[in-house]
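Here is how the chains run, residue by residue.
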Amino acid sequence: MISAYYFGAISLILIGLYAILVKKNVLKMLIGLSIMETGVNLLLVSVGYISGRSAPILSEGIGPNQAVDPIPQALVLTAIVIGVATTAMALSVAMIIYEKYGTLNVEEIRRLRG
Amino acid sequence: MNGQYASLLIALPLISAFFVPLIKGLGKKAVKYYLVLITALQTGIAAWVFQEVYTTGKPIIVMAGAWRPPVGINLYIGHFAALFVLIVAVVSFLMAVFSIRAISVDPIDKYAMLFLLVMLGATGMIATGDIFNLFVFMEITAISAYALTAYNKTGEAAEASIKYIILGGIGSSFFLIGIALIYGSLGTLNMAQIAQLAGGMDATVAQVGLALIVFGLAVEAELFPLNAWAPDAYQAAPHPITAMFSAFVVKAGLYALARILYLMQAVSSWHSVLKLLIIMATLTVFVAEFAALRQKNVKRMIAYSSIAQIGLIGLAFALGTQSGVDAGVFHMVNHAIVKALLFLAVGHVAVSLGGAEMEKFEGLGKRMPLTAFAITVGAIAAVGIPLFNVFWSKLRILLATLGAGYSWAAAVVLIASVVEAVYYFRLIHTMWFAGEGERISEGLAVSLMLLFLAALVIVIGVYPDYAWSIAQKAGNDIFNVADYIKNVPLMGVGA
């Protein structure tokens, strides 16, 4: 049932997008961003999934014809690392914001405007 | 010399960034001079690559690990990439020199590292021939740019940075979904092979994939409605970094947008994506020019002006004609020079007088005449007065827009140019005819850089032919996809 993976991936992306657009707390927005990234990663892996095949690790009884497409998995590994870096960066910026503004509510963080 | 040495363009900034902590042991000054040295070396390599590509007329293809594409990742340094890698390196060098004076906040070693990584990321985005590699370089640029935006550690800087991170995160996710769709239907990530196979792609999948990529890159390329982060980040970032954002970080995003768009021109639903981009670009010009009109902070005003010009370049690329792409590339070159000049001068004023508010610029003509002169040249050029470089590219973009049959877009751009003239002449008036002041020292290095950039503006303005012929070659590199496919030695798999 490949469509279940696609369905799951798209729902995760939409849940994440919803959290980013609707939530007022910076941390909740960042959690939304992480959920969205997870959805995208799941989508990428689903693209390379071939029903009934195993992980693309060369071992006994598993040749190129028994494994799923390895490229999307390599891409997802990279994307996960990038996602971790972005999240770490964002959280440290959120710390500075809390120090300077005393709040994490995006409606009160509005010194720059115009 | 062997063309494979061009991979030093990527390797040098990366390895140098790792050595920064060692240099830090020699003192803070040493880190700044180290930065100048590395960017000067990078400029040398870029100049060699530029000369090599433009004399032989052939692109340099660097194959990672000698694996032939599409199995290995390749760099494609054609006419466009050679030109822009040079611009990236030169602007980085100028800003490294400016950093000696402009950056006093600690930790300077982190600044130097991030500075080199931004330069690396932009160079990589321009040079790469693999669409996922493009994503990785885009993220390197973006994450370093987030950190540099927040570098001053003020509340405003953190606020600008978090806006940038959230929009950038959404953008990169969209871009990745677009890549997943393209990979899912074509089975390749190599840009030349994508172009080769694009004709057989399902029209709806291609349309959705391209639209997602356009939206994803529009964050980096500062196109409306995804550019809300840009003015804040420009205002809050350290002054040399602002100039780098405007001169090449955004250009790398725009280039990626144009490159992917033209690679997929065999797709049957291509024109509907172009229409989307034309509307986005025209709105960018319009909204940004009117927003610039009511700014009190000069740096923020020029940031809006920069976004408007980017919209103009986006419009030129979205026309889908050869003349449009050529004009767009020409405008990219001119805009990089003019905005480097303006942000350098405004940053210089802000460092010397302690702020970039409009009041600080009163009497600037008497206090810092050379800087005021440089801002005047940049402002007049940006408005598009004849005999300055931007005039020629703006004219060509307008002609190309009319030629492609979008007279409404040309009209909007013309109205926006009038608005632009209003706020730039207000700035010029404030500098020369208002306020008094004592003359203060302007610093030799910055003065020389300002004179160099101002001279470049005027020389290209008076003799545009040479720059135009380079821009035409570079535009042809983007537009003529058949040559692009032919130049990459694809291995015969899958196709």
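Model, not experiment: these values are computed from the prediction.

A. Main features of the overall build of chain B. Within chain B, the regular secondary structure consists of 20 helices and 2 strands. Its C-alpha radius of gyration of 21 Å places chain B within 12% of the 23 Å reference for a compact globule of 495 residues. For chain B, the C-alpha atoms occupy an extent of roughly 70 × 55 × 45 Å along the three principal directions. Expressed as a percentage of the 495 residues in chain B, the buried residues total 65%. A separation threshold of at least 6 residues defines the contact pool for chain B, and within that pool the share at least 24 residues apart is 81%. Total accessible area on chain B stands at roughly 16000 Å², and carbon and sulfur atoms take up 68% of it. Charged side chains of chain B number 27 positive and 23 negative; the gap between the two group centres comes to 3 Å.

B. Focus on the packing of aromatic side chains. Residues and elements named next belong to chain B. Inspection of the entire model under this criterion finds 21 aromatic pairs over all chains. Connected via pairs of aromatic rings, a cluster forms that spans Tyr146, Tyr164, Trp229, Tyr234, Phe245 and Phe343. Sitting over the ring of Trp468, Arg396 keeps its end group 3.9 Å from the ring centre.

C. View of the packing of helix H6 (residues 155-186) of chain B against helix H8 (residues 203-220) of chain B. Residues and elements named next belong to chain B. Running from amino to carboxyl end, H6 crosses H8 at an angle of 155°, the nearest separation of the two axes being 7 Å. As the angle between them shows, H6 and H8 are arranged roughly antiparallel. For the crossing formed where H6 meets H8, the hand is left-handed. Listed contacts from H8 to Tyr164, Leu167, Gly168, Gly171, Phe174, Phe175, Ile177, Gly178, Ile179, Leu181, Ile182 and Ser185 of H6 are Val205, Val208, Gly209, Leu212, Ile213, Phe215, Gly216, Leu217, Val219 and Glu220. A breakdown of the residues in the contact of H6 with H8 according to their chemical character gives 15 nonpolar, 6 polar and 1 charged.

D. Here's a closer look at H6 of chain B. All names here are of chain B. With 32 residues, H6 should reach 46 Å at 1.5 Å per residue; the first-to-last C-alpha distance of 46 Å fits that figure. Across the 32 residues that make up H6, a large majority, 27, are buried. Looking one or two residues beyond H6, the residue adopting positive phi is Gly187, at roughly 75°.

E. Main features of the pattern of salt bridges. Residue and element names in this part refer to chain B. The full count for this structure, using the stated rule, is 9 salt bridges over all chains. Where Asp109 meets Lys24, a salt bridge forms, and the shortest distance between an N and an O atom there is 3.8 Å. Here Lys24 lies in helix H1 (residues 8-24) and Asp109 lies in helix H4 (residues 108-127), a separation of 85 residues in the sequence. By relative accessible area, which is 45% here, Lys24 ends up partly exposed. In this structure, Arg259 engages Asp477 in a salt bridge whose closest nitrogen and oxygen atoms are separated by 3.5 Å. A residue pair is termed long-range when its members are at least 10 positions apart, and Arg259 in helix H10 (residues 239-263) and Asp477 in helix H19 (residues 464-479) qualify at 218 residues. Neither residue differs from the other here; Arg259 and Asp477 are each classed as buried. Connected through salt bridges with shared partners, the residues Glu159, Lys163, Asp232 and Arg300 form a single ionic network.

F. Structural view of unusual backbone geometry. All names here are of chain B. The omega torsion of the bond from Phe224 to Pro225 falls at 5°, within 30 degrees of zero and hence cis. Relative to the helices and strands, Pro225 resides in the loop between H8 and helix H9 (229-236). In the Ramachandran plot, Lys153 falls in the positive-phi region, its phi being about 60° despite a non-glycine side chain. Structurally, Lys153 is set in the loop between helix H5 (131-149) and H6. A positive phi angle is found at Leu387, which is not glycine, with a value near 75°.

G. Region of interest: the nonpolar core. All names here are of chain B. Among the nonpolar cores identified, the biggest contains 249 residues, and Val49, Leu83, Met264 and Ile375 are the most heavily contacted of them. When residues in this core are grouped by element, the largest group, 19 residues, is from helix H13 (residues 322-353). Aside from chain neighbours lying at most four places away, what touches Ile375 is Leu342, Ala345, Val346, Val349, Phe361, Leu364, Leu427 and Met431.

H. Region of the structure containing the interface of chain B and chain A. At the interface, 36 residues of chain B touch 37 residues of chain A. Linking chain B with chain A are 0 salt bridges, by the criterion used here. Along the contact surface separating chain B from chain A lie 4 residue pairs in polar contact (both at pLDDT 80 or more). Here the side of chain B that touches chain A takes 19 residues from H6 of chain B, the largest share from any one element. Of the residues belonging to the side of chain B that touches chain A, the class tally is 20 nonpolar, 8 polar and 8 charged.

I. Quick look at the environment of Thr188 of chain B. All names here are of chain B. For Thr188, the position within the fold is in the loop between H6 and helix H7 (191-197). For the pair Thr188 and Asp130, spaced 58 residues apart in the sequence, the C-alpha separation amounts to 9.3 Å. Among residues more than four places away in sequence, those in contact with Thr188 are Pro70, Tyr183, Gln193, Ile194 and Leu197. Polar side-chain contacts of Thr188 include one of 2.8 Å to the side chain of Gln193.

J. Molecular detail of the side chain of Ser161 of chain B. As for its position among the elements, Ser161 of chain B is in helix H6. Given the relative accessible area of 0%, Ser161 of chain B is considered buried. Leave out the neighbours within four places in its chain, and Ser161 of chain B touches Val93 of chain A together with Tyr146, Thr149 and Ala150 of chain B.

K. Geometry of the confidence of the model for chain A. Across chain A, pLDDT averages 86, with 96% of residues at or above 70. Taken element by element, the predicted model of chain A shows its lowest mean pLDDT in helix H1 (residues 2-22) of chain A (89) and its highest in helix H2 (residues 26-47) of chain A (91).

L. Region of interest: helix H17 (residues 407-433) of chain B. Relative to the 39 Å expected for 27 residues at 1.5 Å per residue, H17 of chain B spans 38 Å between its end C-alpha atoms, a close match to the ideal helical length. Positive backbone phi, at 75°, marks Gly435 of chain B, one or two positions downstream of H17 of chain B.

M. View of the confidence of the model for chain B. On average, residues of chain B carry a pLDDT of 87, and 99% of them reach 70 or more. At the level of individual helices and strands, chain B shows its lowest average pLDDT in helix H14 (residues 364-367) of chain B, which scores 80, and its highest in H5 of chain B, which scores 91.

N. View of the side chain of Glu220 of chain B. Residues and elements named next belong to chain B. Relative to the assigned elements, Glu220 resides in helix H8. Look at Glu220: it is buried, it has no salt bridge, and the nearest opposite charge is Lys251 at 13 Å. Apart from residues lying up to four places away in sequence, Glu220 is in contact with Met138, Ala142, Tyr164, Trp229, Val249, Val250 and Gly253.

O. Quick peek at the environment of Ile60 of chain B. Residues and elements named next belong to chain B. Checked against the element boundaries, Ile60 lands in strand E1 (residues 60-63). Considered as a pair, Ile60 and Leu312 are 252 residues apart in the sequence and their alpha carbons are 30 Å apart. Beyond its immediate stretch of four places on either side in the chain, Ile60 contacts Gly3, Ala6, Val49, Glu52, Val53, Leu75, Tyr76 and Ile77.

Thresholds applied
Residues numbered from 1 in each chain as written. Chains lettered and ligands numbered in written order. Predicted model: local features only at pLDDT ≥ 70, side-chain atom pairs only at ≥ 80, totals over all residues. Heavy atoms only, no water. Helix = DSSP H or I, 4+ residues; strand = E, 2+ residues; numbered from the N terminus. Rg over C-alpha atoms; globule rule 2.2 N^0.38 Å. Buried < 20%, exposed > 50% of the residue type's maximum accessible area, 1.4 Å probe, protein only. Contact = heavy atoms within 4.5 Å. Areas by Shrake-Rupley, 256 points an atom, 1.4 Å probe, with all protein chains shown as cover. Lys, Arg positive; Asp, Glu negative; His and termini not counted. Charge placed at Lys NZ, Arg CZ, Asp CG, Glu CD. Phe/Tyr/Trp six-rings, centres within 6.5 Å; stacked < 30°, edge-to-face > 60°. Lys NZ or Arg CZ within 6 Å of the ring centre and 35° of its normal. Axes fitted to C-alpha atoms, helices over the stretch in contact; angles between N-to-C directions. Parallel < 35°, antiparallel > 145°, perpendicular 65-115°, else oblique. Left-handed = near helix turned anticlockwise from the far one by under 90°. Nonpolar A, V, L, I, M, F, W, Y, C, P; charged D, E, K, R; others polar. Expected span 1.5 Å × (residues − 1). Salt bridge = Lys/Arg side-chain N within 4 Å of Asp/Glu carboxyl O. Core = buried A, V, L, I, M, F, W, Y, C linked by side-chain atoms within 4.5 Å. Polar contact = N/O pair within 3.5 Å; in protein donor to acceptor, adjacent residues only side chain to side chain. pLDDT = per-residue confidence, 0-100.

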